[in-house]
Amino acid sequence: MTVIAAQAGAARTALLMTLCGRMRLSGGSLTVLGHTDRPTKVFAHSAIACLNELDDVSPSVTVRDLVTEQLRWESPWYKMVSRVRDDGVERMCGEVFGDVPLPALNAFVDDLPELQQLLLRIAVANTRRPPLLVVGRLDKVADDDERLTLLKRLVALGERQSVITADVNPLPSDTGVRAVVDLHGVLGAGDVGIMTEGR
């Protein structure tokens, strides 16, 4: 579990997307999962969640529909996938949610508490359990207790895969975070010239 400490904005979002192979560098070099400057290789072995640019969910979508649609995307084209029941939500979301209550099957995603919304987006993105999971939005969680719970769930996922997230706020001690990479002096809010200084 690694946290990038940086101001929120386009540069931080671009860095997160680059780390998981969704954007290419225009200069410099980057090695992720042993692949140097090969974003398509990283893309195939990573997942990204909670970045509105990539995985925003329509307010009128139910938990059942979101989970069912993800299962259909991941199934072979010839396989019929019926709408999920509670056990289907539990299979997809149980590991990510941990001891946080699972969302109701027919609840609209937009009506869920913020913590459940984010954990659901992470669970849907992370169904293949790739070696790398990148998660945005940690510092946009308004409630401190919910933010800490989300951080703990990411640390738990980090026991089985590498997890990278970003936060502008200082982290509480003893969270289980392996590393904090301070980029406050490198990444500006609107500067997308990421990592232009040698670090």
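Look a little higher up for the structure.
This section reports on the structure supplied with the text. (Residues numbered from 1 in each chain as written. Predicted model: local features only at pLDDT ≥ 70, side-chain atom pairs only at ≥ 80, totals over all residues. Heavy atoms only, no water.)

1. Section: the sheet that holds strand 4 (residues 46-49)
The line we're drawing: For two strands to be treated as a pair, DSSP must find at least two bridges joining them. Working definition: helices are DSSP H or I runs of at least four residues, strands are E runs of at least two. Numbering for both runs from the N terminus. Orientation is described by lines fitted to C-alpha atoms, with helices fitted over the stretch in contact, and by angles between N-to-C directions that extend from 0 to 180 degrees. Two residues qualify as a contact provided that any one of their heavy atoms is within 4.5 Å of a heavy atom in the partner residue.
Pairing in this open sheet of five strands is parallel, and the strands run 4-5-6-1-7 from one edge to the other. Of all the strands in the sheet, just strand 4 and strand 7 (179-182) have a single pairing partner and so form its edges. Ignoring strand direction, the axes of neighbouring strands in this sheet form an average angle of 20 degrees. As paired elements, strand 4 and strand 5 (residues 132-135) share four bridges and run parallel to each other. By the bridge assignment, Ile48 is partnered in strand 5 with Val134. Packing of helix 1 (residues 10-19) onto the sheet brings it into contact with strand 1 (2-5), strand 4, strand 5 and strand 6 (162-167), and relative to strand 6 it is tilted by some 175 degrees.

2. Side note on the nonpolar core
We count it as follows: We define a nonpolar core as any set of buried Ala, Val, Leu, Ile, Met, Phe, Trp, Tyr and Cys residues linked to one another through side-chain atoms lying within 4.5 Å. A simple rule labels every residue: compare its accessible area, found with a 1.4 Å probe on the protein chains alone, to the largest value its type can have, and call it buried under 20%, exposed over 50%, or partly exposed in between.
Membership of the largest hydrophobic core comes to 38 residues, with the highest contact counts inside it found for Met1, Leu119, Leu120, Ile122, Leu150 and Leu154. Every element with two or more residues in this core is listed here: strand 4, helix 4 (63-74), helix 5 (86-97), helix 6 (114-125), strand 5 and helix 7 (144-157). The biggest single contributor to this core is helix 6, with seven residues. Once residues within four sequence positions are removed from consideration, Leu154 is found in contact with Met1, Ile122, Val135, Val163 and Thr165. Formed by 19 residues, the second largest nonpolar core is a distinct cluster that contains Ala6, Ile48, Ala166 and Leu187.

3. Description of the pattern of salt bridges
To keep things clear, this is the line we draw: Should a side-chain nitrogen of Lys or Arg be within 4 Å of a carboxyl oxygen of Asp or Glu, the pair is scored as a salt bridge.
Applying the stated criterion across every chain, the model contains seven salt bridges. Between Asp65 and Arg83 there is a salt bridge, with its nearest N and O atoms 3.0 Å apart. Here Asp65, found in helix 4, pairs with Arg83, found in the loop between helix 4 and helix 5; they are 18 residues apart in sequence, far enough to count as distant. Given a relative accessible area of 33%, Asp65 falls into the partly exposed group. In this structure, Arg91 and Asp87 form a salt bridge, with 3.5 Å as the shortest nitrogen-oxygen distance. With Arg91 and Asp87 both in helix 5 and four residues apart, the pair spans about one turn of that helix. Taken together, the salt bridges that share partners define one network made up of Glu95, Arg129 and Arg160.

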